[in-house]
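So you can see what is in the structure, the chains are spelled out below.
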Amino acid sequence: MATATKNKSKVRLQPMGERIVVQRVESEETTAGGIVLPDSAREKPARGTVVAIGSGKLLDDGTRAKSQLKAGEVVLFSSYAGETVEIDDVEYLLMREEDVLAVVE
């Protein structure tokens, strides 16, 4: 199981159960025409890198289903998925594995 950590930080973020931690990929600051967009005008990207994975979904028989995702994979998710968490000035999304729409290969 991977945990989300920042270099030289003692804070560790370990998701529980079927949850995962994702760090958003930075959105572009300029348009195709070269116009620079301020932070307020930029859309939050629906793409990110999986940083940590929980222990898996609890099944009816008491066992846990193995996660389909791995730390380091780039994923696509809906723009309203997950809860935003900020640790050491780094923004992470804490979401359920089922909120992931696709893995980018």
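On a predicted model such as this, the values are computed, not experimentally measured, just so you know.

A. Local environment of the side chain of E97. Its place among the elements puts E97 in the loop between strand 9 (90–96) and strand 10 (100–104). Buried and without a salt bridge, E97 has K57 as its closest oppositely charged side chain, separated by 9.0 Å. In contact with E97, other than residues within four places in its own chain, are E18, S67, Q68 and L69.

B. Region of the structure containing the pairing of strand 9. In this structure, strand 3 (residues 19–24) lies alongside strand 9, joined through four bridges in antiparallel fashion. Its bridge partner lying in strand 9, V22 is registered against L93. Pairing between strand 8 (residues 83–87) and strand 9: five bridges, direction antiparallel. Across the sheet, I87 pairs through a bridge with V90, a residue of strand 9. The antiparallel hairpin formed by strand 8 and strand 9 contains two residues in its connecting segment, where D88 sits at a positive phi of about 50 degrees.

C. Structural detail: unusual backbone geometry. One non-glycine residue, D88, lies in the positive phi region at around 50 degrees. Residue placement: D88 occurs in the loop between strand 8 and strand 9. The phi dihedral of D89 falls on the positive side, at around 65 degrees, and the residue is not glycine. Note that D89 resides in the loop between strand 8 and strand 9.

D. Up close: the nonpolar core. Ranked by size, the top nonpolar core spans 11 residues in total: I20, V22, V50, I53, L69, V75, F77, A81, L93, M95 and V100. Mapped by element, the contributors of at least two residues to this core are strand 3, strand 4 (47–53), strand 7 (74–77) and strand 9. Among residues more than four places away in sequence, those in contact with V100 are I20, L69, V75, L76, F77 and M95.

E. Summary view of the sheet that holds strand 7. One open sheet holds the six strands; their spatial order is 8-9-3-4-7-10, and the pairing between them is antiparallel. If you trace the sheet from one side to the other, it starts and ends with strand 8 and strand 10, each paired once. Neighbour-to-neighbour, the strand axes of this sheet turn through a mean angle of 40 degrees, independent of strand direction.

Rules of the game
- Sequence positions are assigned chain by chain, starting from 1 and proceeding in written order.
- Confidence filtering applies because this is a predicted model: local features only for residues at pLDDT of at least 70, side-chain atom pairs given and counted only at 80 or more, and all residues used for totals across whole chains, interfaces and linings.
- Excluded from the side-chain calculation are hydrogens and water; included are all heavy atoms of the structure.
- What counts as a helix is a DSSP run of H or I of at least four residues, what counts as a strand is a run of E of at least two, and both are numbered from the N terminus.
- Burial here depends on accessible area, computed with a 1.4 Å probe over protein chains only, as a share of the maximum for the residue type. Under 20% is buried, over 50% is exposed, and the range in between is partly exposed.
- Positive: Lys, Arg. Negative: Asp, Glu. His and the chain ends are not part of the count.
- By definition, a salt bridge exists where a carboxyl oxygen of Asp or Glu is found within 4 Å of a side-chain nitrogen of Lys or Arg.
- It only takes one pair of heavy atoms within 4.5 Å for two residues to be counted as in contact.
- The pairing criterion is simple: DSSP has to find at least two bridges between the two strands.
- What we call a nonpolar core is a set of buried Ala, Val, Leu, Ile, Met, Phe, Trp, Tyr and Cys residues that are connected through their side-chain atoms within 4.5 Å.
- Only the stretch in contact is used when fitting a helix axis, every axis being a line fitted to C-alpha atoms; angles between N-to-C directions are given from 0 to 180 degrees.

Function cannot be read off these values alone, since they describe shape.
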